[in-house]
Amino acid sequence: MKARLGLDMSEDDLLKVILSLCQTMHLRTAHFRPARTEKGWRTPVQGDGKGWLDLVIVGSEVLYRETKSTNGRVEPDQQVWMDALAAAGQNVGVWRPIDLLNGTIGRELNAIRRRPRVPRQGSPTG
């Protein structure tokens, strides 16, 4: 199924688009998918993992992002993680469909994209 693009896109569609962009940009990502059990949807975690953010993206630095639909709310357990990561000096935030449409997501991903090293003129290899 193709992702819907627009302000009405779902969190899942936004996540799919972001993961595709990251793959194209050769950025490393981690997203932990929940599984349906007899007790409902569950994401197996240990320790303090409840509320862990949707995405960890690694390039020249690390981004921690929660994805939400236009009207989606950050849950209290997610806010605890966001506050703890921010207090530790990490780059943490929430991405919504508007951030894809206005180019914010692309700019933030591009900023951490590793560029191939190009020798400077006059250097021994250039």
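Residue positions are given per chain, counting from 1 as you read along its sequence in written order. The model is predicted, so local features are restricted to residues of pLDDT at least 70 and side-chain atom pairs to those at 80 or more, both for listing and for counting; the totals for chains, interfaces and linings are taken over all residues. The side-chain values count all of the structure's non-hydrogen atoms but skip hydrogen atoms and water molecules.

*Asks:* Please give an account of the overall build of the protein that cites residues and values.
*Replies:* Strands here mean DSSP runs of E at least two residues long; helices mean DSSP runs of H or I at least four residues long; both are numbered from the N terminus. Across its full length, the protein carries four helices and six strands. Along the chain direction, N to C, the helices and strands of the protein fall in the order α-β-β-β-β-β-α-β-α-α. The 126 residues of the protein split such that 29% are buried. All accessibility values rest on the Shrake-Rupley procedure with a 1.4 Å probe; residue burial counts only the protein chains present in the view. Carbon and sulfur atoms form 52% of the exposed surface of the protein, whose accessible area is close to 8800 Å². With a 1.4 Å probe rolled over the protein chains alone, any residue whose accessible area is under 20% of its type maximum counts as buried; one over 50% counts as exposed, and the rest are partly exposed.

*Asks:* Provide a residue-level description of the environment of Leu 21, including the pertinent values.
*Replies:* Structurally, Leu 21 is set in helix 1 (residues 11-24). Taking the C-alpha atoms as reference points, Leu 21 and Asn 110, separated by 89 residues in sequence, lie 9.8 Å from one another. Whether two residues touch is decided by their heavy atoms; if any such pair falls within 4.5 Å, the residues are in contact. Ignoring any residue separated from it by four or fewer positions in sequence, one finds Leu 21 in contact with Leu 100, Ile 105 and Leu 109.

*Asks:* Which residues make up the nonpolar core, and what values do they have?
*Replies:* Grouping buried Ala, Val, Leu, Ile, Met, Phe, Trp, Tyr and Cys residues that are joined through side-chain atoms within 4.5 Å yields what is termed a nonpolar core. Formed by 16 residues in total, the largest nonpolar core has its most connected members in Ile 18, Leu 27, Ile 57, Trp 95, Ile 105 and Leu 109. Every element with two or more residues in this core is listed here: helix 1, strand 4 (55-58) and helix 4 (104-112). With five residues, helix 1 is the single largest residue contributor to this core. Not counting the four nearest positions on each side in its chain, Leu 109 is found in contact with Leu 21, Cys 22, Met 25, Leu 27, Ile 57, Leu 63 and Trp 95. Listed in part, the five residues of the second largest apolar core include Leu 53, Val 56, Tyr 64 and Met 82.

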